[in-house]
Amino acid sequence: MTNIAGNEVMEYRTLGRTGLKVSLLGFGASPLGDVFRKTDPAESQRAVHLAIDHGINYFDTSPYYGRTLSEQRLGQALAGKRHQIILATKCGRIDADVFDFSPKAITASVDESLRRLQTDYVDLLQAHDVEFGGVQQIIDETIPAMRRLQQQGKARFIGITGYPLKTLLRIAEKVPVDTILSYCHYNPMITDMDDVLTPFARREKIGLINASPLHMGLLSERAAPDWHPAPPELRAAAKNAVEICRRGVDIASVALRFCLDHDYVSTTLVGMSRLKDVEANVAVVRARSDPALIQEIRAAIGPAFNCVWPSGRIENQN
Ligand code: NAD
């Protein structure tokens, strides 16, 4: 792939057994739903186009992001470009505290997503934040219903997403899925994805997607949103990491590079809506890693390294 400056930049990896060739850097479209802050719709649209020009071909959204706003804006931005990219959306999560993983709800949800995304199929349909559902329902009802949607041609592949690693593992061990998306479990603040999920995904050749390389914005110079679930000690540790980099290196680039170095993850999703972020993040694909700096950052994070927060139903939190 050649970028607009004529240089080779993007790298591609195969997403597990799906055979899809996805860009190492993926476009997280939650910011298009104003999830982190208000975004400029015109700039967001240009950010999507710039990302495509730079060879980013993997786009991730959900009806939940901005309560359908992200899907709407992404659909508009992709007009005429849909077939250049691999499009992933989700189902089951409707609002912060509203979930419905029933076959009826997800079947209706995918039709609505397709309308908003202005397409007749998605490449990947994922059950969104499975820890908020009943594990047995996800296994017995949700995944089979998603397979039926796949047979109908509405989704080429299906997967699951969520935060507690063991719950993702428990589900994937019981019912075949094509992909697993894990977030905030592999970046300079934390690497326990590799203890729990990666060995299984690798063995079963399941496509592994790593999201939130900046720990949902904590590893950046910008203030994290109020809803960020990290407890105060984790936020303080992230501030220490940011401080370490205030000598001419960009913490966001360092964190992203660390994630891109993973040897099994097919695509790392970073949330983007600004042109300058797309430029900065694409540049990281060609940048070198700095293991000594990562060691320094880890020392600055101290005991907060590998710390987690609760997410989902009590029985699914571990
Ligand atoms: P992230 O770690 O990618 O951080 C995003 C934040 O960092 C945003 O505020 C963005 O403006 C900012 N940012 C991006 N590039 C930057 C740069 N170069 N310099 C400074 N700041 C920069 O967190 P995320 O957006 O939550 O995760 C990425 C994507 O992964 C999401 O958009 C979403 O598509 C997906 N995701 C999915 C799930 C799920 O399915 N459960 C959970 C989390 C994330």
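Structure first, text after, so check above.
Here the structure is a predicted model, which is why all the values come from computation and not from measurement. (Residues numbered from 1 in each chain as written. Predicted model: local features only at pLDDT ≥ 70, side-chain atom pairs only at ≥ 80, totals over all residues. Heavy atoms only, no water.)

Student: Just to check I follow, could you spell out the sheet that holds strand S3 (residues 25–28) for this structure?
Tutor: Pairing between the strands of a sheet is mediated by backbone hydrogen bonds and can be parallel or antiparallel. Strand order in the closed barrel made by the eight strands is S3-S4-S5-S8-S9-S10-S11-S12, with parallel pairing throughout. Strand-to-strand twist of the sheet, defined as the mean angle between neighbouring strand axes without regard to direction, takes the value 30°. Alignment of strand S10 (residues 179–183) against strand S11 (residues 207–211), held across five bridges, turns out to be parallel. Each residue of the ladder has a partner; that of Tyr183, found in S11, is Ala211. (Pairing = 2+ DSSP bridges. Helix = DSSP H or I, 4+ residues; strand = E, 2+ residues; numbered from the N terminus. Axes fitted to C-alpha atoms, helices over the stretch in contact; angles between N-to-C directions.)

Student: Would you mind showing me how to read the packing of helix H9 (residues 251–260) against helix H11 (residues 291–301) here?
Tutor: Relative orientation and spacing of two packed helices are given, respectively, by the angle between their axes and the distance between those axes. H11 packs onto H9 with a crossing angle of 105° between their chain directions and a minimal axis gap of 11 Å. With respect to their mutual orientation, H9 and H11 come out roughly perpendicular. Mapping the contact onto sequence places Ile251, Val254 and Phe258 in H9 and Leu293, Ile294, Ile297 and Arg298 in H11. Of the residues contributing to the contact of H9 with H11, the split by class is six nonpolar, no polar and one charged. (Parallel < 35°, antiparallel > 145°, perpendicular 65-115°, else oblique. Contact = heavy atoms within 4.5 Å. Nonpolar A, V, L, I, M, F, W, Y, C, P; charged D, E, K, R; others polar.)

Student: How do you make sense of the pairing of strand S8 (residues 122–127) when you look at a structure like this?
Tutor: Within a regular strand, side chains alternate between the sheet's two faces. Where burial is concerned, most of S8 is hidden: six out of the six residues are buried. Examined bridge by bridge, strand S5 (residues 86–91) and S8 share four bridges and lie parallel to one another. Residue pairing across strands places Ala88 opposite Leu124, the latter belonging to S8. Bridge count for S8 against strand S9 (residues 155–162) is five bridges, and the pairing is parallel. Pairing of Leu124 across the sheet is with Phe157, part of S9. In the classification by handedness, the crossover that spans S8, the intervening helix H4 (residues 135–151) and the parallel S9 is right-handed. (Buried < 20%, exposed > 50% of the residue type's maximum accessible area, 1.4 Å probe, protein only. Right-handed = clockwise from strand over helix to strand, strands pointing away.)

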